[in-house]
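# Understanding the architecture of this molecule
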Amino acid sequence: MSAQIEGTHQHAKSGKAYAYSARYSIAGTDIVWQARIELEGRLRAEPGGTIQTGSPAAQAIAEKAVLDAVLASIDALDDVAGV
């Protein structure tokens, strides 16, 4: 099974509005994802990875887990250590 999510996220500190799209699939109990993050129409990052759930419920939690990973990736783009 393969799925896609897309949307926007405003960084809490910088106020920048990012657009994202992400595809994901389930491989056993793992969620494999790849995203595209843009700011003002320009590519900023293409994060991705594997979320190891260790659970047969990976399908049920996949969309939320991928969304959390994408938003964390966006927030990391503008976060400054110690601020």
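Presented here is an overview of the structure given in this document. Not measured: the values here are computed from a predicted model.

## Observations regarding the pairing of strand S4 (residues 42-45)
Judged from the 3 bridges that link them, strand S3 (residues 30-39) and S4 form a sheet pairing that is antiparallel. Bridge assignment links Ile37 to a residue of S4, and that residue is Ala45.

## Quick word on the pairing of strand S2 (residues 17-27)
Bridge count for strand S1 (residues 2-10) against S2 is 9 bridges, and the pairing is antiparallel. Residue Ala3 lies in a different strand from S2, and its bridge partner there is Tyr24. Here S1 folds back onto S2, and the loop between the two strands holds 6 residues, one of which, Gly15, carries a positive phi near 80°. Relative to S3, S2 runs antiparallel, the two being bridged by 10 bridges. Bridged to Tyr20 within S3 is Ile37. Connecting S2 to the antiparallel partner S3 that follows it, the hairpin turn spans 2 residues, and Gly28 within it adopts a positive phi of roughly 70°.

Conventions adopted
- Residues numbered from 1 in each chain as written.
- Predicted model: local features only at pLDDT ≥ 70, side-chain atom pairs only at ≥ 80, totals over all residues.
- Heavy atoms only, no water.
- Pairing = 2+ DSSP bridges.
- Helix = DSSP H or I, 4+ residues; strand = E, 2+ residues; numbered from the N terminus.

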